[in-house]
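Reading the structure
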Amino acid sequence: RLDAESLLDAILSVSGSLDSQIGGSTIRGGTANDYDYVHSGNRRAIYWPVFRNSLPDIFVAFDFANPSMVTGRRDVSSTAPQALFLMNNPWVIEQAENTAVRLLALEKLNSQDRFQQAMLLTLGRAATAEELRVTLEFIESGENDPQAQKHVWSQVIQALFSSLDFRYNH
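As the structure is a computational prediction, the values presented were derived from the model and not from experiment. (Residues numbered from 1 in each chain as written. Predicted model: local features only at pLDDT ≥ 70, side-chain atom pairs only at ≥ 80, totals over all residues. Heavy atoms only, no water.)

**A look at the overall build of the chain**
We apply this condition: Under the scheme used here, helices are H or I runs from DSSP no shorter than 4 residues and strands are E runs no shorter than 2 residues, and both carry numbers assigned from the N terminus. Throughout, exposure labels follow a simple rule: accessible area from a 1.4 Å probe, protein chains only, divided by the maximum for the residue type, with under 20% read as buried, over 50% as exposed, and the rest as partly exposed. Residue contacts are counted whenever heavy atoms from the two residues lie within 4.5 Å of one another. For the accessible areas, the method is Shrake-Rupley and the probe is 1.4 Å, while residue cover comes only from the protein chains on display.
A count of helices and strands for the chain gives eight helices and zero strands. What you see in the chain, going N to C, is helices and strands ordered as α-α-α-α-α-α-α-α. Classification of the 170 residues of the chain by burial places 40% in the buried group. Taking the contacts inside the chain whose residues are at least 6 apart along the sequence as the reference set, 58% of them involve residues at least 24 apart. As displayed, the chain has an accessible area near 9700 Å², and 51% of this comes from carbon and sulfur atoms.

Written out as structure tokens, the structure reads:
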């Protein structure tokens, strides 16, 4: 399974939001302490600060090592809160929306080709016939309205982010 940092990087990469800048400060200027630190940004996880009293939500959900302890090996779990995080976290929803915008910008593609592109971006493989059938049926519900289209594609991407294939086979 992808560790927390790789999962964060993969989601940012798929959304097209990944900032690949190398180096620089990991902590925002003016930070007085680590309590209630708001973790945000689009840089790779290696540049996100690790505080004992404030970890990014994705790190907490996906078995990041306790920064207050020496840890030789991380736990690797599959729990309901992990799935709920990928379905409900505002940051994940935002990245799914960014990915939808990215896919909808590919105007020359029809829905089937766009979904195949989404599958390649998220899972690294082509969709099966059944995945394609079910998804195209869902996508058709929002094809006439641009706002509905963005919402429908965001939900498709969020479902892909939430899939076991994304967490285990990326």
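**Observations regarding the packing of helix α5 (residues 111-123) against helix α7 (residues 146-162)**
As a reminder, the rule being used: Simply put, an axis is a line fit to the C-alpha atoms, just over the touching stretch for a helix, and the angle between two N-to-C directions goes from 0 to 180 degrees. Crossings are assigned a handedness: left-handed for a near helix turned anticlockwise from the far helix by less than a right angle, right-handed for a clockwise turn. Gly is placed with the polar residues, together with every amino acid not listed as nonpolar (Ala, Val, Leu, Ile, Met, Phe, Trp, Tyr, Cys and Pro) or charged (Asp, Glu, Lys and Arg).
Running from N to C, α5 and α7 cross one another at 35 degrees; their axes reach a closest spacing of 10 Å. The way α5 lies across α7 gives a crossing that is right-handed. On α7, the residues that touch S111, R114, F115, A118, M119, T122 and L123 of α5 are Q149, W153, V156, I157, L160 and F161. A per-class count over the contact of α5 with α7 returns nine nonpolar, three polar and one charged.

**Remarks on the packing of helix α1 (residues 4-15) against helix α4 (residues 90-104)**
Counted only if it meets this: Angular relationships are summarised with four words: roughly parallel below 35 degrees, roughly antiparallel beyond 145, roughly perpendicular across 65 to 115, and oblique for the angles in between.
One can describe the packing of α1 onto α4 by two numbers: an axis separation of 8 Å at closest approach and a directional angle of 30 degrees. Relative to α4, α1 is oriented roughly parallel. Packed against α1, whose contacting residues are L8, I11, L12, S13, V14 and S15, the element α4 presents W91, Q95, N98, T99 and R102 at the interface. Within the contact of α1 with α4, the residues separate by chemical class into five nonpolar, five polar and one charged.

**Thoughts on α1**
We apply this condition: Each residue after the first adds 1.5 Å to the expected span of a helix.
Given a rise of 1.5 Å per residue, twelve residues ought to cover 16 Å, and the 17 Å separating the end C-alpha atoms of α1 matches this to within 8%. Most of α1 is tucked away, with ten of its twelve residues classed as buried. Here α1 has its buried residues at A4, E5, L7, L8, D9, A10, I11, L12, V14 and S15. Those residues of α1 that are buried are in contact with α2 (57-61), α3 (80-88), α4, α5, α7 and α8 (164-168). Following α1 by one or two positions, G16 has its phi on the positive side, about 80 degrees.

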